[in-house]
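# Fold and contact review
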2 protein chains.
Amino acid sequence: MQIVMIGDKIVPAEDVDPVYLDRGTFFGDGVYEVIRSYDGRIFALEEHLQRFANSLSAIGIAGVDIDQVRRRLLRAFDAAGIADAKVYFHVTRGSAPRDRVCTADMQPNFFLTVSKVADNSENRTNGIAVSTHPDWRWKRCDIKSLNLLANVLASTAAAKKSCAEAILVDEAGLITEGAGSAFFAVRGQTLQTAPLTANILPSITREFTLKAGRNVGLEIVEESLTKEQAARADELLIASTTQDIVPVVRFDDKVVADGKPGKYAKLLNREFRSFTV
Amino acid sequence: MQIVMIGDKIVPAEDVDPVYLDRGTFFGDGVYEVIRSYDGRIFALEEHLQRFANSLSAIGIAGVDIDQVRRRLLRAFDAAGIADAKVYFHVTRGSAPRDRVCTADMQPNFFLTVSKVADNSENRTNGIAVSTHPDWRWKRCDIKSLNLLANVLASTAAAKKSCAEAILVDEAGLITEGAGSAFFAVRGQTLQTAPLTANILPSITREFTLKAGRNVGLEIVEESLTKEQAARADELLIASTTQDIVPVVRFDDKVVADGKPGKYAKLLNREFRSFTV
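## Looking at the overall build of chain A
Along its length, chain A carries eight helices and 15 strands. Against the 2.2 N^0.38 benchmark of 19 Å for 277 residues, chain A shows a C-alpha radius of gyration of 20 Å, consistent with a compact globule. Dimensions of chain A, computed from the C-alpha atoms along their principal axes, are close to 65 × 40 × 30 Å. Classification of the 277 residues of chain A by burial places 56% in the buried group. Summed over all atoms, the accessible surface of chain A reaches about 11,300 Å², with 48% contributed by carbon and sulfur. Side-chain charges in chain A split into 34 positive and 36 negative, and the spacing between the mean points of these groups amounts to 3 Å.

## Structural notes on the side chain of Arg-137 of chain A
Residues and elements named next belong to chain A. Summarising the element assignment, Arg-137 is placed in the loop between β7 (128-134) and α5 (149-160). Overall, Arg-137 belongs to the buried group, its relative accessible area being 8%. At 3.0 Å, the side chain of Arg-137 and the backbone oxygen of Asn-199 are in polar contact.

## What about the pattern of salt bridges?
Oppositely charged side chains may form a pair once their charged atoms are brought near each other. For the coordinates displayed, the defined rule picks out 31 salt bridges over all chains. Across the pair Asp-8 of chain A and Arg-75 of chain B runs a salt bridge whose closest N-O atoms are separated by 3.5 Å. Of this pair, Asp-8 of chain A sits in the loop between β1 (3-6) and β2 (9-12) while Arg-75 of chain B sits in helix α3 (residues 66-80), which puts the two residues in different chains. For Asp-8 of chain A, a relative accessible area of 46% puts it in the partly exposed group. Across the pair Glu-207 of chain A and Arg-206 of chain A runs a salt bridge, and its minimum N-O distance is 2.8 Å. The class for Glu-207 of chain A is partly exposed, based on a relative accessible area of 38%. When salt bridges that share partners are traced, they join Arg-36, Asp-84, Asp-244 and Arg-273 of chain B into one network.

## Quick look at the sheet that holds strand β3 (residues 30-38) of chain B
Here six strands make up an open sheet; going across it, the order is β2(A)-β1(A)-β6(B)-β5(B)-β3(B)-β4(B) and the pairing antiparallel. Where the open sheet ends on each side, the last strands, each with one partner, are β2 of chain A together with β4 (41-42) of chain B. Across four bridges, β1 of chain A lies against strand β6 (residues 109-116) of chain B in antiparallel orientation. For Ile-6 of chain A, the partnering residue across the bridge sits in β6 of chain B and is Phe-111 of chain B. Sheet strands in contact with helix α2 (residues 45-58) of chain B are β3, β4 and β5 (85-92) of chain B, and its direction is about 175 degrees off that of β3 of chain B.

## Considering the domain arrangement of chain A
Residues and elements named next belong to chain A. When cut into domains, chain A gives domain 1 (3-116) and domain 2 (121-275). Between the C-alpha centres of domain 1 and domain 2 there is a distance of 27 Å. Roughly 1,700 Å² of surface becomes buried between domain 1 and domain 2 when both sides are summed, with 66% attributable to carbon and sulfur atoms. Inspection of the domain 1/domain 2 interface yields zero salt bridges.

## Comments concerning the side chain of Asp-22 of chain A
Tracing the backbone shows Asp-22 of chain A in the loop between β2 and α1 (23-27). Not counting residues up to four positions away in its chain, the partners in contact with Asp-22 of chain A are Thr-92, Gly-94, Ser-95 and Asn-109 of chain A.

## Here we look at the packing of aromatic side chains
Here the structure, examined in full by the defined rule, presents 28 aromatic pairs over all chains. Summarising the aromatic geometry, the rings of Phe-111 of chain A and Phe-26 of chain B are spaced 5.9 Å apart at their centres and angled 55 degrees between planes, so their arrangement reads as tilted. Here Phe-111 of chain A, found in strand β6 (residues 109-116), pairs with Phe-26 of chain B, found in helix α1 (residues 23-27), and the two come from separate chains. Overall, Phe-111 of chain A belongs to the buried group, its relative accessible area being 3%.

## Observations concerning the interface of chain B and chain A
With 66 residues of chain B at the contact, the number on the chain A side is 66 residues. In this assembly, chain B packs against chain A so that about 5,800 Å² is buried in total across both faces, 63% of it on carbon and sulfur atoms. Viewed at the interface, chain A and chain B are joined by six salt bridges. Among the ionic pairs, Glu-165 of chain B bridges to Arg-100 of chain A, the shortest N-O distance being 4.0 Å. Our count for the contact surface shared by chain B and chain A stands at 29 residue pairs in polar contact (both at pLDDT 80 or more). Element by element, the count of residues in the side of chain B that touches chain A is highest for helix α5 (residues 149-160) of chain B, at eight residues.

## Focus on the pairing of strand β14 (residues 244-251) of chain B
The two faces of the sheet receive side chains in turn, since in a regular strand these alternate between them. Residue and element names in this part refer to chain B. Taken across its eight residues, β14 has seven buried, putting it largely inside the fold. As paired elements, strand β7 (residues 128-134) and β14 share three bridges and run parallel to each other. Paired with Val-130 across the strands is Phe-251, a residue of β14. Sheet topology note: the strand β13 (residues 235-240)/β14 ladder contains five bridges and is antiparallel. Across the sheet, residue Leu-237 finds its bridge partner in β14, namely Pro-247. Where β13 folds back onto β14 in an antiparallel hairpin, the turn is made up of three residues. Pairing of β14 with strand β15 (residues 254-255) involves two bridges; the strand directions are antiparallel. Within the sheet, the bridge partner assigned to Phe-251 lies in β15 and is Lys-254. Hairpin connection, β14 to β15: the antiparallel pair is bridged by two residues, and Asp-252 has positive phi, about 50 degrees.

## Looking at α2 of chain B
Residues and elements named next belong to chain B. Relative to the 20 Å expected for 14 residues at 1.5 Å per residue, α2 spans 20 Å between its end C-alpha atoms, a close match to the ideal helical length. Three or more residues of α2 are buried, namely Leu-45, His-48, Leu-49, Arg-51, Phe-52, Ser-55 and Leu-56. Seen end-on, α2 carries its buried residues on one side only, within an arc spanning 160 degrees. Packing partners of the buried residues in α2 comprise β3, β4, α3, β5 and α6 (204-215).

## A word on the relation of the copies chain B and chain A
Relating one copy of the chain to the other takes a rotation about an axis and a shift parallel to that axis. For the pair chain B and chain A, the superposition axis carries a translation of 0.0 Å, the fit reaches an RMSD of 0.0 Å, and the rotation angle comes to 180 degrees. Here the copies are linked by what is in effect a two-fold axis. In this assembly, 100% of the residues forming the interface of chain B have copies in chain A that are likewise at the interface, indicating an isologous arrangement.

## Examining the state of the cysteines
In protein structure, a disulfide is the covalent linkage between the sulfur atoms of two cysteines. This model, assessed by the stated rule, comprises zero disulfides over all chains. Looking at Cys-102 of chain B, it has no disulfide partner, and the nearest cysteine sulfur is the one in Cys-163 of chain A, 16 Å off. For the unlinked cysteine Cys-141 of chain B, the closest cysteine sulfur is that of Cys-141 of chain A, found at 13 Å.

Parameters and conventions
Residues numbered from 1 in each chain as written. Chains lettered and ligands numbered in written order. Predicted model: local features only at pLDDT ≥ 70, side-chain atom pairs only at ≥ 80, totals over all residues. Heavy atoms only, no water. Helix = DSSP H or I, 4+ residues; strand = E, 2+ residues; numbered from the N terminus. Rg over C-alpha atoms; globule rule 2.2 N^0.38 Å. Buried < 20%, exposed > 50% of the residue type's maximum accessible area, 1.4 Å probe, protein only. Areas by Shrake-Rupley, 256 points an atom, 1.4 Å probe, with all protein chains shown as cover. Lys, Arg positive; Asp, Glu negative; His and termini not counted. Charge placed at Lys NZ, Arg CZ, Asp CG, Glu CD. Polar contact = N/O pair within 3.5 Å; in protein donor to acceptor, adjacent residues only side chain to side chain. Salt bridge = Lys/Arg side-chain N within 4 Å of Asp/Glu carboxyl O. Pairing = 2+ DSSP bridges. Contact = heavy atoms within 4.5 Å. Axes fitted to C-alpha atoms, helices over the stretch in contact; angles between N-to-C directions. Domains from an automatic or database assignment. Buried area = accessible area lost by both parts, 1.4 Å probe. Phe/Tyr/Trp six-rings, centres within 6.5 Å; stacked < 30°, edge-to-face > 60°. Expected span 1.5 Å × (residues − 1). Arc of directions from axis to C-beta. Least-squares fit on C-alpha atoms with pLDDT ≥ 70 in both. Disulfide = S-S within 2.5 Å.

Here it is in structure tokens:
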């Protein structure tokens, strides 16, 4: 690499800040997590760190000390002093002249932000509209990687239709999950969601939602739903770290049940919040 | 976003260089091109700029002036003064606090490097070994996006087996293309390659290779190959901007034909190079 141009400016290669050569930008070669706190207490920290370690391992980024990640995260969280905080962090494989083939000597880059969790109580009270989008993501959605362009395109398309989330549908017509959330249907006395495969993220909030479901007497069914099944469900829900459990009251152009959040949305949210105190 | 941590260092959000908030890193939300010159002349510039415009449009990045991109590229190329240069550039949607949903007011970031094309004459003379890998990429490989982790993993796995390229195989057992190249088989008097669909990049070198094929009397067949068909072909080839046409002499554990580059590899390369002068 001889010269670099950033915007309109030519820079000799040796003067370029390594951040511009981050493999995160060139390839999305990194993995991330989002963790939140409730009233000053971080929720499910170890579960998230374990998944982060799994993601790193799945793409072969070695040499990241998870204890150091935990220490950094806690230090930043303390420094921010936000009671209901969202902590985002990613590790990329490192900075180097662009080459798809990676080598073991690369030094991973760590980046973290702390911000206030957006208040979504209105969505939880009134429910949200969602719209479906083809699931264009790669075949390893079990890895929480920085390759998120399919999610960006789906989320942006949903937002343009005034929908709060995009629900992704695979080529077989089955719902995988939301672009940034797990997806559930209450059908009779069952709580149904897609099974854990390489096509979806092993969502931690999904696990807690299923636990909440069991606690309120629902039978858990881990089986993918079609769009038609979803549209006819008694209740639909999405769940994510930063939103908890949110009822879905419109699914594409279909009103879900009577168009109001159902009883299980409330019961599940109450149960879920009991895990966080 | 209140605070940011970069490595071990906490930085107030307002002091963070926007490069750290590049949507290219958060989401791979950008597109790229690689163009080369032969002996001081840039090859197929307009074709690459047209594809770049198509990629930008496909992911909804508006407001990038292709004439400005061309001017920047030519200025950097001139400044580098490299006769056989590789010019890489990408545009990301811009820098902003992380949110999947993008908005129209984002200011795209432009980044470009110029370097010397690696000499691959040995590979072109002796041929290369390739290994197959599941095609884990997303469903819009027709867009030349920064979501390249599947390519990184496949290329790195191939390199670990001392192979120069990974050949991607979809779930139906059909070869799509190389992790960084188009893939061809010579079978009798035909030159066969996968058809242009959303599963492969509309490779510009692919087009010139097919043109070369016609010129040397081969019939073009745009039909996907199975691994077994590839292993039994008379000749296998990969082609990319920075490598031209390279014969493949080993395909996984199978020796291709007599293990030496075939006659069409030479004929096609000669024809291809005639386009570049």
